[in-house]
Amino acid sequence: MEYQKITKKPLEQHAVKPNLKDYPEAIKEWSWDQVSWELDWFDKDHLNIAHVAIDAHLKTNRRNKKALIWESKKGEGEEYTFLELSRLSNKFANALVNEMGVQKGDRVFFFLERVPEIYIAILGTLKAGGVIGPLFSAFGPDAVKDRVGDSEAKVLITSPSLKKKIVEVIPELPALKHIILVNRGEGKANLDDPYYDELMANASESFDIVKTHKEDHAIMHYTSGTTGKPKGAVHVHEAVVGHYATAKYVLDLHEGDVYWCTADPGWVTGTSYGMFGPWSNGATQVVYEGGFSAKHWYSFLERKKVTVWYTAPTAIRMLMKAGNELPRQHSFDPLRHLCSVGEPLNPEAVVWGKEIFGNAFHDNWWQTETGSIMIANYPIQDIKPGSMGRPFPGIEAGIVDDDFNELSHGNEGNLALKPGWPSMFRTYWKKDDLYQSRFRKGWYITGDRAKRDEEGYYWFVGRTDDVINTAGHLVGPFEVESVLIEHPAVAEAGVIGKPDPIAMEVVKAFVSLKDDYAPSEELRHDIQKFVMKRLSSAAAPREIEFISTLPKTRSGKIMRRLLKAKELGLPLGDTSTMEED
Ligand code: ATP
Ligand code: MG
């Protein structure tokens, strides 16, 4: 199917005027210095993310504005104003400094559910000059050991039940000096570690925020592990300039917005856009503690009157899989802007958003390493479904060949960026050689393949490791997967190259079906025929295998390397970030 461009209304007709009013003009005029002056720096070289995100608002009429509206899995609610978050994070900073001896640069890791304490403790750690490292609460002991061990974290914030899960690996973490237990109605387990509540009760509400330099380390995120062993990308305090600018112009946050980011804090999206970006813009955030549930998500969107929503392709595909009856029982009138990140967003999903919510999903592209959104669709710009959009102002992107020379539009190659934006990672923790190797001929090489069209829109092809070479053609898995999910029976698809003596590789597709369909030979042929008609015969899958679910990372990315390893009977490699069924 050919997807039509989704044309946007002219500026004057938008009920809420987009912050980015004129894209070409913004590109021409952009200055990172100028945007950074919109934030509250201590002096020209010093700023602290937690100050910029929270305390800076206390001088304004946002002081008593709601910053965090939280709902638990059981449906209980809690609300915190900017002032309350400021005071509570001050208390936590005092506890870290006075009780645990935390000093600037010490790593403090978080292995906790999506509860208010994780937000408070992350802000408090940054105020104390510590380096935060959030982990998915669903991680098993080895995944925690790898990351806490590699980072040599001094403090771990967790809960009694999560601590029990990892207790066997704690003796293998010699640098870990303190564990703080957040106890939400679990009862006091018989553990020696201090409890969060007690530390907070004894701590003062005032704290002198550490005047961190813009280049001081602030955030460590291990990558999702989609292509291999996760790497610890390190970000500095200046990163908040990037979080702020992109949340303002891509998420288009305004004073009256109710913003929902569905990402877990264990994933970079959960901090850049679940904390620092929106709060530095003074936005009110709603947070749901639980994981994905189509029924609950629709009800949450409606009840909280969400206006801006940032989610991921895997979640959108799951909503689509649940059918269109459910959303039609709700009203989403306030919802005015929808964004997606994490994986290629199939054009079908972009258009589906328009049908169900009256608004298309705005895809955008970035990585743990880039720290903030690099390529995006904007409220004011037309959308070409299937394209991740155009570079953010101040970001120079390009497509380069395998010798790192720039290619003209229309050519497929390596997606590269000109280094120097504020939220760029500054190293891979203890792997600086690997970090250095990502820079070639003045470009940062992202590891993704893409092409740019004549209007400057970027189209994702695949990760360099996933691109399939079949009979002399390079086939990106995304293109094939997108056509597969247009078939009425297909919910999700993962496509790999399978070694072949003649063609070098052939395309193999793993397909999971929508709830109302069952695998059969007939269906297999029908899907094959369907894809054949739409793609070249080289790109059409030679083999289709039905599976109930595709292996995914905790951040919802299809792990093609696992599909491939299983297919070839090879070792599975690092599976620490894999989601359980
Ligand atoms: P690892 O580096 O450990 O293999 P990862 O690359 O999945 O893991 P992240 O940094 O979370 O870890 O993901 C960034 C990657 O996700 C991008 O490089 C790209 O491959 C993919 N991605 C993110 N957003 C998009 C998008 N809008 N379209 C296509 N791909 C995307
Ligand atoms: Mg990566």
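Here is what the cut-offs are and how they apply
Residues numbered from 1 in each chain as written. Chains lettered and ligands numbered in written order. Predicted model: local features only at pLDDT ≥ 70, side-chain atom pairs only at ≥ 80, totals over all residues. Heavy atoms only, no water. Pairing = 2+ DSSP bridges. Helix = DSSP H or I, 4+ residues; strand = E, 2+ residues; numbered from the N terminus. Contact = heavy atoms within 4.5 Å. Phe/Tyr/Trp six-rings, centres within 6.5 Å; stacked < 30°, edge-to-face > 60°. Buried < 20%, exposed > 50% of the residue type's maximum accessible area, 1.4 Å probe, protein only. Lys NZ or Arg CZ within 6 Å of the ring centre and 35° of its normal. Domains from an automatic or database assignment. Buried area = accessible area lost by both parts, 1.4 Å probe. Salt bridge = Lys/Arg side-chain N within 4 Å of Asp/Glu carboxyl O. Polar contact = N/O pair within 3.5 Å; in protein donor to acceptor, adjacent residues only side chain to side chain. Axes fitted to C-alpha atoms, helices over the stretch in contact; angles between N-to-C directions. Parallel < 35°, antiparallel > 145°, perpendicular 65-115°, else oblique. Left-handed = near helix turned anticlockwise from the far one by under 90°. Nonpolar A, V, L, I, M, F, W, Y, C, P; charged D, E, K, R; others polar. 1 Å grid on protein atoms, 1.4 Å probe; cavity = no way out; pocket = protein on both sides within 12 Å on 5 of 7 lines; lining within 4 Å. Points joined across faces, edges and corners; volume = space filled by probe spheres on them.

Read from one edge of the open sheet, 9 strands run β2-β1-β10-β9-β11-β12-β13-β14-β15, paired in mixed fashion. The open sheet terminates on both sides in strands that have one partner only, identified here as β2 (77-81) and β15 (390-391). Here strand β14 (residues 375-376) pairs with β15 via 2 bridges, running antiparallel. Among the inter-strand pairings, isoleucine 375 is bridged to a residue of β15, identified as proline 391.

Examined against the element boundaries, threonine 271 turns out to sit in helix α10 (residues 268-280). Aside from chain neighbours lying at most four places away, what touches threonine 271 is Ile132, Pro134, His221, Pro265 and Phe276.

Considering all chains together, one arrives at 31 aromatic pairs under this definition. The interplanar angle of 65° and the centroid separation of 5.6 Å between the aromatic rings of phenylalanine 136 and phenylalanine 139 together place this pair among those described as edge-to-face. On the basis of relative accessibility, which here comes to 10%, the residue phenylalanine 136 falls in the buried class. Centroid distance tyrosine 273 to tyrosine 310: 5.6 Å. Interplanar angle 80°. Geometry classified as edge-to-face. Placement of tyrosine 273 in helix α10 and of tyrosine 310 in strand β11 (residues 308-311) is noted, with a sequence separation of 37 residues between them. Joined through ring pairs, the aromatic side chains of Trp260, Tyr288, Phe292, Trp297, Tyr298, Phe300, Trp309, Phe332, Trp352, Phe357 and Phe361 make up one cluster. Cation over ring: lysine 211 sits above phenylalanine 42, and NZ or CZ is 4.9 Å from the ring centre.

Quick look at the domain arrangement of the chain now. The domain boundaries assigned to the chain delineate domain 1 (11-450) and domain 2 (468-568). Domain 1 and domain 2 are separated by 32 Å when their C-alpha centres are compared. Taken residue by residue, the interface counts 22 residues in domain 1 and 21 residues in domain 2. Both sides of the domain 1 and domain 2 interface together cover about 2000 Å² of buried area, and 56% of this is carbon and sulfur. Viewed at the interface, domain 2 and domain 1 are joined by 1 salt bridge. Of the charged contacts, one joins glutamate 492 and arginine 317 as a salt bridge, the two residues approaching to 3.0 Å between their closest N and O atoms. Here domain 1 and domain 2 share 6 residue pairs in polar contact (both at pLDDT 80 or more) between them. Residue assignment for the side of domain 1 that touches domain 2 shows that the elements contributing at least two residues are α12 (313-321) and α14 (347-357).

Here we come to the sheet that holds strand β26 (residues 543-546). The strand order across the open sheet built from 3 strands is β24-β25-β26, with neighbouring strands paired in mixed fashion. In this open sheet, the two edge strands, each paired with only one partner strand, are β24 (490-500) and β26. Averaged over all pairs of adjacent strands, the angle between strand axes in this sheet comes to 25°, irrespective of strand direction. Where β24 and strand β25 (residues 504-513) come together, 10 bridges link them in antiparallel fashion. Its bridge partner being in β25, isoleucine 496 is matched across the sheet by lysine 508.

Below, the discussion takes up the environment of proline 171. When you line up the elements, proline 171 lands in the loop between α7 (160-166) and β6 (178-181). Classification of proline 171 by relative accessible area gives exposed; the value is 71%. Proline 171 sits 149 residues away from methionine 320 along the chain, and the two C-alpha atoms are 45 Å apart.

As a further point, take the packing of helix α5 (residues 116-127) against α10. It is at 11 Å that the axes of α5 and α10 come closest, and there the two elements cross at 70°. When the interaxial angle is binned, α5 and α10 end up roughly perpendicular. By crossing handedness, the relation of α5 to α10 is classed as right-handed. Contacts between α5 and α10 involve Tyr119, Ile122, Leu123 and Leu126 from the first element and Gly274, Met275, Phe276 and Trp279 from the second. Here the residues of the contact of α5 with α10 are counted per class, giving 7 nonpolar, 1 polar and no charged.

We now examine the layout of surface pockets. If you add up the space inside the largest pocket, you get close to 1100 Å³. Lining the largest pocket are 48 residues, with Phe292, Met318, Arg554, Gly556 and Glu579 sitting closest to its centre. Residue assignment for the lining of the largest pocket shows that the elements contributing at least two residues are β9 (258-261), β11, α12, β24, β25 and α18 (560-568). A total of 4 residues in the lining of the largest pocket trace back to one element, the largest contributor, which is α12. Taken together, the residues of the lining of the largest pocket sort by class into 21 nonpolar, 12 polar and 15 charged. Each of domain 1 (11-450) and domain 2 (468-568) contributes no fewer than three residues to the lining of the largest pocket. The computed volume of the second largest pocket comes to approximately 820 Å³. Residue lining of the second largest pocket: 46 residues in total, with Gln367, Thr446, Gly447, Asp448 and Arg463 positioned closest to the centre.

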